[in-house]
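Chain and residue survey
The chain contents come next:
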Amino acid sequence: MGTTWFTSDLHLGHPFVAELRGFADVERHDRVILDNLMSCLRPGDTLWFLGDISSGWGPQEERALSLFDATLRPLRDHPDKPLALHMISGNHDSSHPLHKDAYLRQPRFLEVFDSVQAAQSAQWREQEVWFSHFPRPGYDHEGMDSRHDELRLDVPFLVHGHLHSAQPVTGQGQVDVGVDAWDLAPVKQSKVEELLFF
């Protein structure tokens, strides 16, 4: 049985985010993010991607989907142990229901991911844990009002992205799996569990 990994907020092709992360150009930023993914993932693993593959602008999103797919396709097409790849859409993904035409974009995202949804629950340590792009209502980027609170889950245990936080623990029972908290790499489920239930 493979390892389950989490990541979020890749923002491939997004110049502003690349610059915030210290990269002079988008190409180098994207290569580091994707190389870090490939250095962790193995045949038979599962990756939960919790949103924001790009900036959401059409051409950038299409480029990001194609680049992400091309990078992971060898693992996805493994004959015996294919990589399972699931997406929880973020606010910068045209597949998220907050966008009125999300249903039109679902087929394109499903060419890359095995599933695409707004949230998902799982049982960890006999507790219900939710995966969402967003943290709980009231949490957002430092200095900003909380947006999209009507779409957020107010649950005891939440794995999320969105915040670009430097520290993974963003509240009691709330862990950010965005690459900014994990040296631009994915994180194992076992590590997320440790932090979630500390």
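On a predicted model such as this, the values are computed, not experimentally measured, just so you know. (Residues numbered from 1 in each chain as written. Predicted model: local features only at pLDDT ≥ 70, side-chain atom pairs only at ≥ 80, totals over all residues. Heavy atoms only, no water.)

1. Observations regarding the environment of proline 82
Selection rule: In this description a helix means any DSSP run of H or I spanning at least four residues, a strand means any run of E spanning at least two, and both kinds are numbered starting from the N terminus. Should any heavy atoms of two residues lie within 4.5 Å, those residues are considered in contact.
Here proline 82 is to be found in the loop between helix H3 (58–76) and strand E3 (84–88). For the pair proline 82 and aspartate 52, spaced 30 residues apart in sequence, the C-alpha to C-alpha distance is 23 Å. Setting aside residues no more than four positions away along its own chain, proline 82 makes contact with Gly44, Asp45, Leu75 and Arg76.

2. What to know about the sheet that holds strand E2 (residues 46–49)
Going by this rule: Strands are labelled as partners when DSSP assigns at least two bridges between them.
On the basis of which strands lie adjacent, the open sheet formed by five strands has the order E4-E3-E2-E1-E10 and mixed pairing. Looking along the sheet, the strands with just one partner apiece sit at the ends: strand E4 (115–117) and strand E10 (187–188). As paired strands, strand E1 (residues 4–7) and E2 are joined by four bridges and run parallel to one another. Directly across from tryptophan 5, in E2, lies its bridge partner leucine 47.

3. As for the sheet that holds strand E7 (residues 158–160)
By definition, the strands of a sheet pair up through backbone hydrogen bonds, in either a parallel or an antiparallel sense. Note the cut-off: Fitting a line to C-alpha atoms yields each axis, with helices limited to the stretch in contact; the angle taken between N-to-C directions then spans 0 to 180 degrees.
Taken together, five strands build an open sheet; the order of strands is E5-E6-E7-E9-E8 and the sheet is mixed. Only two strands of the sheet have a single neighbouring strand rather than two, namely strand E5 (119–124) and strand E8 (169–171). For this sheet, the mean angle separating the axes of adjacent strands, direction not counted, is 25°. In the sheet, E8 pairs with strand E9 (residues 174–176) via two bridges, with the strands oriented antiparallel. Bridge pairing in E9 links glycine 171 to glutamine 174.

4. Observations regarding the UniProt feature "domain: Calcineurin-like phosphoesterase" (unreviewed entry) in the chain
Spelled out, the test is: UniProt positions are given in the numbering used here, feature names are shortened, and annotations may be inferred rather than shown by experiment.
Here, UniProt's "domain: Calcineurin-like phosphoesterase" (unreviewed entry) annotation points to residues 4–163. Between the C-alpha atoms that bound residues 4–163 the distance is 22 Å, and the span itself is 30% helix and 19% strand.

5. Remarks on the packing of H3 against helix H4 (residues 102–109)
Put simply, the rule is: Small angles under 35 degrees read as roughly parallel and large ones over 145 as roughly antiparallel, with 65 to 115 read as roughly perpendicular and the rest as oblique. Gly counts as polar in this scheme, as do all residues outside two lists: the nonpolar Ala, Val, Leu, Ile, Met, Phe, Trp, Tyr, Cys and Pro, and the charged Asp, Glu, Lys and Arg.
Where H3 contacts H4, the two axes come as close as 11 Å, and the packing angle between them is 30°. Classified by the angle their axes make, H3 and H4 are roughly parallel. For the pair H3 and H4, the contacting residues are Glu61, Glu62, Leu65 and Ser66 in the first and Arg105, Arg108 and Phe109 in the second. For the contact of H3 with H4, a count of residues per class yields two nonpolar, one polar and four charged.

6. A look at the pairing of E3
Let me state the cut-off plainly: Residue burial is assigned from relative accessible area. The probe radius is 1.4 Å, only protein chains are included, and a residue is buried under 20% of its type maximum, exposed over 50%, and partly exposed in between. The handedness of a crossover follows from its direction of travel: if, with the strands pointing away from the viewer, the path from the first strand over the helix to the second runs clockwise, the crossover is right-handed.
Burial within E3 is extensive, with four of its five residues counted as buried. Where E2 lies against E3, four bridges are found, and the strand directions are parallel. Among the inter-strand pairings, tryptophan 48 is bridged to a residue of E3, identified as histidine 86. Handedness of the β-α-β unit built from E2, H3 and E3 comes out right-handed.

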